[in-house]
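Residues per chain are reported as follows:
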Amino acid sequence: MSAETSGEGFHDRTETRQVIGPDGGPVPEPDEDEPTSVTDLVEQPAKVMRIGSMIRQLLEEVKAAPLDAASRARLAEIHRTSVKELEDGLAPELIDELERLSLPFGEQTPSDDELRIAQAQLVGWLEGLFHGIQTAIYAQQVAAQSQLQQMRRALPGAPGQPPGPGAHPGDQTRGGEGHGGGMYL
């Protein structure tokens, strides 16, 4: 009696799967506790994109206009709120980076120049984040395309591959169609 028939060992088998990289070797599995790319670090991409667009537009609007004390106070508040809202959509690693790089304002109303510098710095950081995401997505697409091409080349009957099991050299005609079944006259 086999192990499968008796029930012994049948459920003990664990199925393992490996992803094959472009070089044909196995790709290590990512640690689930740790993000694997910049795209994993942005938990709410739509929110981050909306806030980034708003901040960029706001910077464009205040570049040319002189700001009075009330406008500067309001812009400083918008800046603080924007940073806090951005943090809601980011992984802890990016939150730490954003907090290290963003300029905090003191108790006094910041000057025009301080506000513009802080806004420009935030816009620059966000654009760098967006470019990093785009680069990561492109790299993933290239890797997936490469893996797909390797899988296609490994299929039996692919150019440069020997015919699959059970195939005979005369089974294919020049048009690529096999012989039909039936008797020959």
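Residues numbered from 1 in each chain as written. Predicted model: local features only at pLDDT ≥ 70, side-chain atom pairs only at ≥ 80, totals over all residues. Heavy atoms only, no water.

Where an unreviewed UniProt entry is consulted, the chain appears under the name Bacterial proteasome activator, with the organism given as Mumia flava. According to its UniProt record, the chain has this under Sequence similarities (unreviewed entry): "Belongs to the Bpa family." The Subunit (unreviewed entry) comment attached to the chain in UniProt states, word for word, "Forms a homooligomeric, either hexameric or heptameric, ring-like structure which stacks co-axially with the proteasomal alpha-rings." (UniProt positions renumbered as here; feature names shortened; annotations may be inferred.)

(A) A look at the side chain of K47. Mapped onto the elements, K47 comes out in helix α3 (residues 45–64). Polar contacts involving the side chain of K47 include one to the side chain of E85, which spans 2.9 Å. The residues touching K47, leaving out its near neighbours within four places in the chain, are E85 and D88. (Helix = DSSP H or I, 4+ residues; strand = E, 2+ residues; numbered from the N terminus. Polar contact = N/O pair within 3.5 Å; in protein donor to acceptor, adjacent residues only side chain to side chain. Contact = heavy atoms within 4.5 Å.)

(B) Representation of the pattern of salt bridges in the model. Applying the stated criterion to the full structure yields eight salt bridges. A salt bridge links E127 to R56; its shortest N-O distance comes to 3.1 Å. Taken together, the residues E127 in helix α6 (residues 112–154) and R56 in helix α3 connect sequence positions 71 residues apart. Using a relative accessible area of 30% as the deciding quantity, one classes E127 as partly exposed. Here the salt bridges do not stand alone but share partners, grouping K47, E85 and D88 into one network. (Salt bridge = Lys/Arg side-chain N within 4 Å of Asp/Glu carboxyl O. Buried < 20%, exposed > 50% of the residue type's maximum accessible area, 1.4 Å probe, protein only.)

(C) Spotlight on the nonpolar core. Membership of the largest hydrophobic core comes to 20 residues, with the highest contact counts inside it found for V48, L86, L90, L126 and L129. Within the residue set of this core, elements represented by two or more residues are α3, α4 (69–88), α5 (92–101) and α6. Ranked by residue count, the leading element in this core is α6, at seven residues. With eight residues, the next largest nonpolar core counts L58, L67, L75 and L115 among its residues. (Core = buried A, V, L, I, M, F, W, Y, C linked by side-chain atoms within 4.5 Å.)

(D) Highlighting the packing of α4 against α6. For the pair α4 and α6, the least separation of the axes is 10 Å and the interaxial angle reads 25°. Compared by their axis directions, α4 and α6 come out roughly parallel. When the axes of α4 and α6 are compared, the crossing they make is left-handed. In this structure, α4 contributes R72, L75, A76, H79, V83 and L86 to the contact, and α6 contributes D112, L115, A118, Q119, L122 and L126. The residue inventory of the contact of α4 with α6, partitioned by class, reads eight nonpolar, two polar and two charged. (Axes fitted to C-alpha atoms, helices over the stretch in contact; angles between N-to-C directions. Parallel < 35°, antiparallel > 145°, perpendicular 65-115°, else oblique. Left-handed = near helix turned anticlockwise from the far one by under 90°. Nonpolar A, V, L, I, M, F, W, Y, C, P; charged D, E, K, R; others polar.)

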